[in-house]
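A structural walkthrough
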Amino acid sequence: DLMDKCKDWNFSAEVIEVFGTQSKHSDSKRTLTRLLQVGDSKGRNRHIIVASLMLMLLYESADGCWAVVERVRERVFRCESAQKQAYVLVVQHGAHVYEFPSEVNKEYISSKKLKGAFQHVPHLISEDAAAEGVPACQNQTPASQLIALESSASKKASYEKALAKVHFMVEDYLDSHKENAFKSAFQEPARYYFHLCGNNHHRDHVNVHGLNGFLCLVRGWFGCQLPIIPMVDDEDTFKGCADIWSGLSENAWAVFCDPMNFGKDFEGIKELKPSMLTSREHGHYGAGHAFIGRNAGDMERSARKKDPKYLQYADKFAFFFTKDFLVKRMFEVLNAEGKPEYVGFKGACSELYALFKHIYGLSEDTLLEYLYDEYIMNIDIDKAAFFLWWCGICNESHANVAKFSCAAGMPKSEGSESDNSSDNICPICFEEKDNIQLIPHWEAKGDVSGHRMCADCTKQYTKNECPFCNEVSIKESLLGVIKSLIQDVKSKSAGGDPNDLAAVLESWQFFEMEYGHNPKVIYRVGALILQDKDFKNLLVDGVNTRAAWMRDAAGIFFRLYSLSVEGNLDVTPDEKILLQKCFETIKESMSSVESHGHHYGALYSQSMVPYICALQSGQSTAHLEVIVREVGELIVRYYEKNRRTWPQLKRDVPERIVSEYMDIVTVNVWGGKDHDPVRKAFYRN
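Here the residue index of a chain counts from 1 through its sequence in written order. Confidence filtering applies because this is a predicted model: local features only for residues at pLDDT of at least 70, side-chain atom pairs given and counted only at 80 or more, and all residues used for totals across whole chains, interfaces and linings. Heavy atoms throughout the structure, all of them, feed into the side-chain values; hydrogens and water do not.

1. Observations regarding the confidence of the model for the protein chain
A residue-level look at the protein chain finds 84% of positions with pLDDT of 70 or above and a mean pLDDT of 83. Within a predicted model, pLDDT stands for the predictor's per-residue confidence, ranging from 0 to 100. The helix and strand labels rest on DSSP assignments: H or I over at least four residues marks a helix, E over at least two residues marks a strand, and numbering proceeds from the N terminus. Between the elements of the protein chain, mean pLDDT differs from a low of 43, seen in helix α9 (residues 127-132), to a high of 97, seen in helix α14 (residues 250-256). pLDDT under 50 marks residues 123-133. Its contacts with residues more than four places away, or in other chains, come to 16 contacts. Between residues 408-421, whose pLDDT stays under 50, and residues either more than four places distant or in other chains, the model counts 23 contacts. Here, two residues are considered to be in contact whenever any of their heavy atoms come within 4.5 Å of each other.

Given below as structure tokens:
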């Protein structure tokens, strides 16, 4: 096994020697040997470092290997935080070249000198795969829904490959964009601030210790993981992290947020002036403690609670992800194909535009003509967002879908000013048919007269949405889902079987998975469920009688309650109060099952499911996090109260907690294993 081989010190030393030969870096052996000694900064995961170096030897150029050694050398001989950065750098780079191989170094696999190192390495990807380097796009998008209807197998495969390539390149770009946003919002302003204050020590430790605090701020506030992994227990975070934006002027922010300076080191920004320093209060040695707490982990926990002192920092980071900033920069950087990873973006977009043009009846021959003015100088950000939404990249709320899709219609015949025959041409398959019908819309916005489909395409199209504007197209089928779910709750509440009631949440989970990309459907269905007279009466009765069945079907009530609190359900104040009472009733019902650990674990799992559904689809999780925390703390309190009387609780509770969900919640809700009370109570000896 490769990983077992990588744990062998002799084998590891040979890989390091080979890497030095490949990189031609004079300090390679000393640098990488030190990295192997410290591992992930705690002396662990050394074998992962060796495996990453092997990937680079196979798929990275000599210059690329030299650059890695140089960046590692800057960090690995410093403190623990810097060593962890060196570890992350090597592992990420190894994974990156595996996904985007710049070359396949076959000569190293067969070389006599390297044979001992590589005889145990499986040929991870073929040369053909290296040339392609693009996995299939797994996301359901407006484009993929139309591509699925393509009758020509070769065209369909070509479209799918182009869409996958666009997604793959966007994903790579976004990692770089997040790092640059981090630099322009936090790292470089902090370095500049300490530079102006004359605190060179903190200036030079921003990217070693200070960044851990800012990284945790981002993760806590947004739930966003950057490519750089923070060290949450770094007690030296104050060395480079303080309330620096309270000591810099608005003019300084105007410079750092300028697109021309995005991701630049402050030394390379000529517009910065010493007069932009407004206060030295936060620039002395220990000033950061008041801003951070004990360590970066404290900062993350405060950010998760939306501590007001971090608001301006969150706003500044978020600025770089606004539509006007992100869409323009992302498209233009990718379209420039300035990095090897982005080569082919223009061709993929051109291929997809051919389908996009026909579907929306556009007159422009190329994507650039559609997106830019007549001089190809100024991009129309709304149009770019609409095209990227169609590709499955931009959120619908940012794409003005109604504005652009209402103009969708049949492509005009060549040489014809008005296309009278277009009524008989299906805008999906582009064939003349006599059975073309208007696609029904639940709530049509704008002119949808061109949103049509022939009977043959309708049979193949399995989505419950208009392929042009993503509006729900078959209200009746959703009403069937609603009626079925309501009936399930009614019948299974009467039976009282906890397993049957838990299955109700599973039905809702499948529904959210299908419509997670279109939250407005979830909001409408949630409101219709709550407004159903029989369902509402069932809830009122459950609250009045403190019915146990509500606890066993808790997940769906948690979800509806969170949506109502966040203002996403079109319901009355009385209906909101009813949902709050349901939530309180569910918590109170735990007093009747204090000796049954399975109920503890099941309730916690029921709180985690709606949170994870929302998290995975990119919806708001703010109040769902509150619910997970309340339920988690509740079951721990009951456990601490009863564990001596019923010691079996420690065994029984985890049996009903889904471990995969637990891992996600531990990181995203609690901020790590050391801060998760459920994990500490039931998973530690």
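2. Re helix α34 (residues 659-670)
Three exposure classes are used, based on accessible area relative to the maximum for each residue type with a 1.4 Å probe and protein chains only: buried under 20%, partly exposed in between, and exposed over 50%. Within the sequence span of α34, burial applies to M662, V665, T666, V669 and W670. Taken down its axis, α34 places every buried residue within 110 degrees of arc, on the same side. At its buried positions, α34 is contacted by α16 (296-304), α31 (597-616), α32 (622-642) and α35 (677-682). Directly beyond the C-terminal end of α34, a positive phi value near 90 degrees is found at G671. Directions drawn from the helix axis to the C-beta atoms are what define this arc.

3. Considerations on the pattern of salt bridges
Salt bridges are identified by distance alone: a Lys or Arg side-chain nitrogen within 4 Å of an Asp or Glu carboxyl oxygen. In total, this model carries 29 salt bridges according to the counting rule given. The closest approach of N and O atoms between D298 and R301, which form a salt bridge, is 2.4 Å. Of the two residues, D298 and R301 both sit in helix α16, 3 residues apart, roughly one turn of that helix.

4. Observations concerning unusual backbone geometry
Among all residues save glycine, negative phi is the norm, and among peptide bonds the norm is trans. Phi angles above zero are rare outside glycine, and K24 is one such case at about 60 degrees. Looking at the secondary structure, you find K24 in the loop between α2 (9-23) and α3 (28-38). Non-glycine residue K306 carries a positive phi angle of around 60 degrees. Along the chain, K306 turns up in the loop between α16 and α17 (311-319).

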